[in-house]
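Architecture at a glance
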Amino acid sequence: MGIFENTILVKKRPSAVQIILACGLMILCFACVIGFLLSFQLLFVLLFLIAGGLFYAVRATSRVEYEYSYIEGRLSFAKIKNKKRRKNLATIEMETLQLIAPKGAPELRNYHENMNIMKRDYTSGEEDRKIYEAVYTQGENVVVILFEPDDNMLDMMARRYASRIKRGE
C-alpha cells in the first residue's frame, strides 16, 4: 500500500486593524520624508525610522499561511509567518479523531454542547470557503479545529476512516 500524502496552504486574510495600521504607518513615512525635505530637521528622520520599523513589523505579522498536511493517518497543522517562520500548531493522530464534518453539521451538536471544548481556528477568514471541523480528544479535553480541506484531502482520509469523515453538499 502506498503512502497517502496531501498538503494544503491557506493564506489568512489580514484583519481590518492590520490593514488600517499599515496604511496609517505608510502615510506617516511619506509625511516624514516630505517634512524632512522641506525643513531638513533630524526629528523627521527619527520618526521615519520608527514608523518604517513598525510598518515592517505589522506587514510581517499580517502575512500568515496555514498548512494542513495529511500523511498516513496523521493530520498536522502549521502556521507560517511571512513565508519564513514555521510553527507546528497541532497534530491529530487519526485514532484520537472523533469526527470531521462541515461547520454547522448536525453531527457536531453533541460536541458543541460540551463545556470542556477547546476551539481553534486555522482558516483563511474568507466568507465563501467551505469550512470543516475536526473533533478529537487530547487527554481529557475535546478539541475542535476549524480548517479548509480540499476534496482530495477528504478523499484520502475517507479511504481509511470513512465512518469519521462526513462530507458536505
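Here's what I pulled together on the structure shown here. (Residues numbered from 1 in each chain as written. Predicted model: local features only at pLDDT ≥ 70, side-chain atom pairs only at ≥ 80, totals over all residues. Heavy atoms only, no water.)

To continue, consider the overall build of the protein chain. Secondary structure assignment for the protein chain yields four helices and eight strands. In terms of overall size, the protein chain is more extended than a compact globule, its C-alpha atoms giving a radius of gyration of 22 Å where 169 residues would be expected to give roughly 15 Å. Counting only C-alpha atoms and orienting by the principal axes, one finds that the protein chain spans roughly 70 × 40 × 35 Å. Residue burial in the protein chain is summarised as follows: out of 169 residues, 35% are buried. Accessible area for the protein chain stands at about 10,500 Å²; split by element, carbon and sulfur atoms hold 57% of it. Between the mean site of the 24 positive side-chain charges and the mean site of the 19 negative ones, the protein chain shows a separation of 7 Å. (Helix = DSSP H or I, 4+ residues; strand = E, 2+ residues; numbered from the N terminus. Rg over C-alpha atoms; globule rule 2.2 N^0.38 Å. Buried < 20%, exposed > 50% of the residue type's maximum accessible area, 1.4 Å probe, protein only. Areas by Shrake-Rupley, 256 points an atom, 1.4 Å probe, with all protein chains shown as cover. Lys, Arg positive; Asp, Glu negative; His and termini not counted. Charge placed at Lys NZ, Arg CZ, Asp CG, Glu CD.)

In terms of nonpolar packing, the biggest core is built from 26 residues, with Y68, L75, F77, I100, F147 and M157 touching the most fellow members. Put simply, the parts of the chain that give this core at least two residues each are β1 (5–11), β2 (64–71), β3 (74–81), β4 (85–93), β5 (97–102), β7 (132–138), β8 (141–147) and α4 (151–160). Core analysis: the second largest hydrophobic core is formed by seven residues, L99, A105, L108 and V142 among them. (Core = buried A, V, L, I, M, F, W, Y, C linked by side-chain atoms within 4.5 Å.)

The next thing to look at is helix α2 (residues 42–62). Spanning 21 residues, α2 covers 30 Å between terminal C-alpha atoms, matching the ideal 30 Å at 1.5 Å per step. Taken together, the buried positions of α2 are A51, V58, A60 and S62. The elements touched by buried residues of α2 are α1 (16–39) and β2. (Expected span 1.5 Å × (residues − 1). Contact = heavy atoms within 4.5 Å.)

Within the fold, R63 resides in the loop between α2 and β2. Along the backbone, R63 and K12 are 51 residues apart, and their C-alpha atoms lie at a distance of 7.3 Å. R63 has contacts with I80, K81 and N82, leaving out every residue within four places of it along the chain.

Those residues of α4 lying buried are M153, L154, M156 and M157. Buried residues of α4, seen end-on, are gathered within an arc of 160° and therefore sit on one face of the element. Projecting away from the buried face of α4 at angles above 90 degrees are the exposed residues D151 and R159. (Arc of directions from axis to C-beta.)

With that settled, consider the sheet that holds β1. Within the open sheet, the four strands sit side by side as β1-β2-β3-β4. Their pairing is antiparallel. Edge positions in the open sheet fall to β1 and β4, since each of these has one partner strand only. Adjacent strand axes in the sheet meet at a mean angle of 15°, parallel and antiparallel pairs treated alike. (Pairing = 2+ DSSP bridges. Axes fitted to C-alpha atoms, helices over the stretch in contact; angles between N-to-C directions.)

In this section: a nonpolar patch on the surface. Together, V33, L37, L42, V45, F48 and L49 make up a nonpolar patch on the protein surface, roughly 550 Å² of accessible area in all. Of all the secondary-structure elements, those providing two or more residues to the nonpolar patch are α1 and α2. Considering each element in turn, the nonpolar patch owes the most residues, four residues, to α2. When you line up the elements, L37 lands in helix α1. (Patch = residues over 30% accessible without salt bridge, like charges linked within 9 Å, V, L, I, M, F, W, Y side chains within 5 Å. Salt bridge = Lys/Arg side-chain N within 4 Å of Asp/Glu carboxyl O.)

Function cannot be read off these values alone, since they describe shape.
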